[in-house]
Amino acid sequence: MAKRVVIVGSGIIGAATAYRLGRAGADVVIVDGGAPGATAASFGWLNASFHHGEDHYRLRVEGLAAYDRLLAELEVPVRMTGCLSTEFEGERMRAEAANLSALGYPVEEVDRVTFGKLEPAVAAPDAALRFPGEGVAEPAPLNRALLNAAALYGARIVSGVRVDGLIEVAGRIIGVETGVGTIAADEVLVCAGTGTEALIAAAGHRVPMVPRPAYVIETRPVAPVLSHVLATPDGELRQRPDGVLVMPASVSHQGDKAESLGLSPEEAAEATIARIRALLPGVTLDWASVRLAYRPMPEDGLPAVGRLSEGLSVAVMHSGMTLAAGIGECLAREVIDGPSNMTEQLLAAFRPQRFV
Ligand SMILES: Cc1cc2nc3c(=O)[nH]c(=O)nc-3n(C[C@H](O)[C@H](O)[C@H](O)COP(=O)(O)OP(=O)(O)OC[C@H]3O[C@@H](n4cnc5c(N)ncnc54)[C@H](O)[C@@H]3O)c2cc1C
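Please read these numbers as outputs of a predicted model, since none were measured by experiment. Along each chain, residues carry numbers from 1 onward, in the same order as the chain's sequence is written. Restriction of local features to residues with pLDDT of at least 70 applies here, the model being predicted, together with a cutoff of 80 or more for giving and counting side-chain atom pairs; totals for whole chains, interfaces and linings are based on all residues. Values reported for side chains reflect all heavy atoms of the structure, with hydrogen atoms and water molecules removed beforehand.

A. Summary view of the overall build of the chain. Going along the chain from the N terminus, every DSSP run of H or I of four or more residues is numbered as a helix, and every run of E of two or more is numbered as a strand. The helix and strand inventory of the chain stands at nine helices and 22 strands. Taken along the three principal axes of its C-alpha coordinates, the chain extends 65 × 45 × 40 Å. Looking at the 356 residues of the chain, the share that counts as buried comes to 53%. Contacts are residue-level and defined by heavy atoms, with any inter-residue pair within 4.5 Å sufficient. Of the contacts formed within the chain by residues at least 6 apart in sequence, a portion of 70% connects residues at least 24 apart. Carbon and sulfur atoms make up 53% of the accessible area of the chain, which totals about 15,100 Å². Under the scheme applied here, a residue whose accessible area is under 20% of the maximum for its type counts as buried, over 50% as exposed, and between as partly exposed, the area being computed with a 1.4 Å probe on protein chains only. Using the Shrake-Rupley algorithm and a 1.4 Å probe, accessible areas are obtained, with residue cover drawn only from the displayed protein chains.

Here you go:
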């Protein structure tokens, strides 16, 4: 009989894993009912130029490769636009390029003239790095597409229902408890973003997480002015196909360590729009929306992925857009067949047991 897997959380990690598990023949039920998740607010940059060390780099590169596999199977809103980065200057930029090249990462140095040809509407810097293998996902549409694809493989979704606890019998998790009844499982997979720490703590497990609030600002749509992801000292910027420009309010948003915001939503939006105007002189811009979200961030900044105890696994991380396609593949394999050499190689540094 097919293994019954209950996934708590229908954000990008739960959805990508549900798709892979459904394709592999598992009987999947996704339960979601917590606070609005991080995925809908995400910037959606897919990259491995930002990383916390070699293991993290390899996991991110595998994440990008997994998107290639996903794109070959499904029509999903993912575009490999490339990224232009001016985050570092001079010696530091050259060192960054050399480090990434040494790891085998595609990186090109770009001068002012070439930059101007690639992005004529952007105030051209003296030099930039170009990462041609990077791209963007439209987070909420990709999330929906993966849930729909999982449903085609038989996955079922229970929404509006919060999971309050895990049911344990003789040391094994056999289902989840909700305010409206229980749901039985052979395996429970907790992909509950910022709700993960509390849920697994009730079963005696520990993945400590830190608060990482963030604002994301969207402009009113404008004519096409930007084709790459732009990573600058003044923030990361991209343009969606509908013309809307998107920028997180915090600069270097992936490494942002602030635990509080400091600015009101309108102040943050005004400050961000001023930075976008400086990057795109000559484009008339105004902000249309500002959204507050919380990044799911384990205390050491790294993903926590894998088996916690009999019948219970977890997957929680920041950079979940970059990692989702790869994590979905690995987790589905581990839930069905247990860890393999391949999943161990990728995930050994990210097991939740490091917090015990
Ligand atoms: C502003 C911002 C910018 C970002 N930019 C990038 C980026 O450029 N690139 C990148 O790779 N990553 C980025 N990230 C990170 C990325 O978006 C997240 O890592 C990813 O979305 C996490 O997905 P998730 O499925 O783990 O969690 P979520 O999307 O938060 O989903 C978790 C789900 O679980 C549900 N839930 C929680 N508790 C319970 C419960 N008890 N019972 C039932 N359901 C529950 C919630 O309702 C939610 O739907 C960004 C995040 C933010 C906030």
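Text resumes after the structure shown.
B. Structural context of the layout of surface pockets. Computed from the structure, the second largest pocket encloses a volume of approximately 330 Å³. Every definition here rests on a 1 Å grid over the protein atoms only: cavities are sets of points where a 1.4 Å probe fits but cannot get out, pockets are open sets enclosed by protein on both sides within 12 Å along at least five of seven lines, and lining residues have some atom within 4 Å of a point. Lining the second largest pocket are 21 residues, and of these Thr86, Glu89, Pro125, Asp126 and Ala127 lie nearest its centre. At the level of elements, helix H3 (90–102), strand S6 (108–111), strand S7 (127–131), strand S16 (229–232) and helix H7 (265–279) are the ones that each hand at least two residues to the lining of the second largest pocket. The element best represented in the lining of the second largest pocket is H3, accounting for three residues. Amino acids are sorted into nonpolar (Ala, Val, Leu, Ile, Met, Phe, Trp, Tyr, Cys and Pro), charged (Asp, Glu, Lys and Arg) and polar (every other residue, Gly among them). Along the lines of polarity and charge, the residues of the lining of the second largest pocket split into 13 nonpolar, three polar and five charged. Grid points are joined across faces, edges and corners, and a volume is the space filled by probe spheres set on the points.

C. Quick peek at the sheet that holds strand S18 (residues 245–248). The strand order across the open sheet formed by eight strands is S6-S7-S5-S16-S17-S18-S15-S19, and the pairing between neighbours is mixed. Because the sheet does not close on itself, it has two edges, and the strands there are S6 and strand S19 (287–294). Each strand axis lies, on average, 20° off the axis of its neighbour in the sheet, ignoring direction. Note that S6 and S7 share four bridges and pair antiparallel. Looking across to S7, one finds that Val110 is bridged to Ala128. Note on geometry: axes are lines fitted to C-alpha atoms, helical ones only across the stretch in contact, with angles between N-to-C directions running from 0 to 180 degrees. Packing of H3 onto the sheet brings it into contact with strand S5 (83–85), S6 and S7, and relative to S7 it is tilted by some 20°. Strand pairing is assigned whenever DSSP identifies at least 2 bridges connecting the two strands.

D. Highlighting the sheet that holds strand S8 (residues 135–137). An order of S3-S8-S4 is seen for the three strands of this open sheet, with the pairing classed as antiparallel. Since the sheet does not close on itself, it has two edges, and those belong to strand S3 (45–46) and strand S4 (78–79), each with one partner. Examined bridge by bridge, S4 and S8 share two bridges and lie antiparallel to one another. Bridge assignment links Arg79 to a residue of S8, and that residue is Val136.

E. Quick peek at the side chain of Ser10. Here Ser10 shows up in the loop between strand S1 (4–8) and helix H1 (12–23). When its relative accessible area of 17% is taken as the criterion, Ser10 is described as buried. If sequence neighbours within four positions are ignored, Ser10 has contacts with Ala15, Ile30, Asp32, Asn143 and Leu147.

F. Quick peek at the site of the ligand. Taken together, 39 residues lie near the ligand, and Asp32, Ala35, Ala38, Thr39 and Thr322 sit nearest. Counting of polar contacts relies on pairs of N or O atoms within 3.5 Å, with two restrictions inside protein: one atom must be capable of donating a hydrogen and the other of accepting it, and residues adjacent in sequence are counted only when both atoms are side-chain atoms. Note that an oxygen atom of the ligand is positioned 2.5 Å from one of the side-chain N or O atoms of Thr39. Thr322 places a polar main-chain atom, nitrogen or oxygen, 2.8 Å from an oxygen atom of the ligand. Within the complex, the protein chains bury 97% of what would otherwise be the 1,000 Å² of accessible surface of the ligand. At the level of secondary structure, the elements contributing two or more residues to the shell around the ligand comprise H1, strand S2 (27–32), strand S15 (213–219) and helix H8 (320–337). Across the shell around the ligand, the residue classes break down as 19 nonpolar, 17 polar and three charged. The two domains that each donate at least three residues to the shell around the ligand are domain 1 (4–42 + 140–208 + 298–355) and domain 2 (80–133 + 211–295). Any residue with at least one heavy atom within 4 Å of a molecule or strand is counted as near it. An automatic or database domain assignment supplies the start and end points of every domain.

G. Local environment of the domain arrangement of the chain. When the domains of the chain are assigned, the result is domain 1 (4–42 + 140–208 + 298–355) and domain 2 (80–133 + 211–295). Spacing between the C-alpha centres of domain 1 and domain 2 amounts to 31 Å. Each side of the interface is counted separately: domain 1 has six residues, and domain 2 has seven residues. The term buried area refers to how much accessible surface (probe radius 1.4 Å) is lost by two components on association, counted for both of them together. Counting each side, the surface lost to burial between domain 1 and domain 2 is near 620 Å², with a carbon and sulfur contribution of 59%. The largest per-residue losses of area from domain 1 upon contact with domain 2 belong to Ala41, Thr194 and His318, which jointly make up 63% of the total buried on that side. Salt bridge, as applied in this entry: a Lys or Arg side-chain nitrogen positioned within 4 Å of an Asp or Glu carboxyl oxygen. Taken together, the links from domain 1 to domain 2 amount to zero salt bridges. Our count for the contact surface shared by domain 1 and domain 2 stands at zero residue pairs in polar contact (both at pLDDT 80 or more).

H. Main features of a negative patch on the surface. A cluster of acidic side chains, namely Glu266, Glu267, Glu270 and Asp286, defines a negative patch on the protein surface. Along the polypeptide, Glu267 turns up in helix H7. Each patch is assembled from residues with relative accessible area greater than 30% and no salt bridge, linking like charges that lie within 9 Å and nonpolar side chains (Val, Leu, Ile, Met, Phe, Trp, Tyr) that lie within 5 Å. Counting rule applied: Lys, Arg positive; Asp, Glu negative; His and chain ends not counted. For charged residues, the charge sits on one atom: NZ in Lys, CZ in Arg, CG in Asp, CD in Glu.

I. How the structure looks around the environment of Arg277. With respect to the helices and strands, Arg277 occurs in helix H7. Taking C-alpha positions, Arg277 is 34 Å from Ala65, a pair spaced 212 residues apart along the chain. Each residue touching Arg277, except ones within four places of it in the same chain, is listed here: Leu285 and Asp286.

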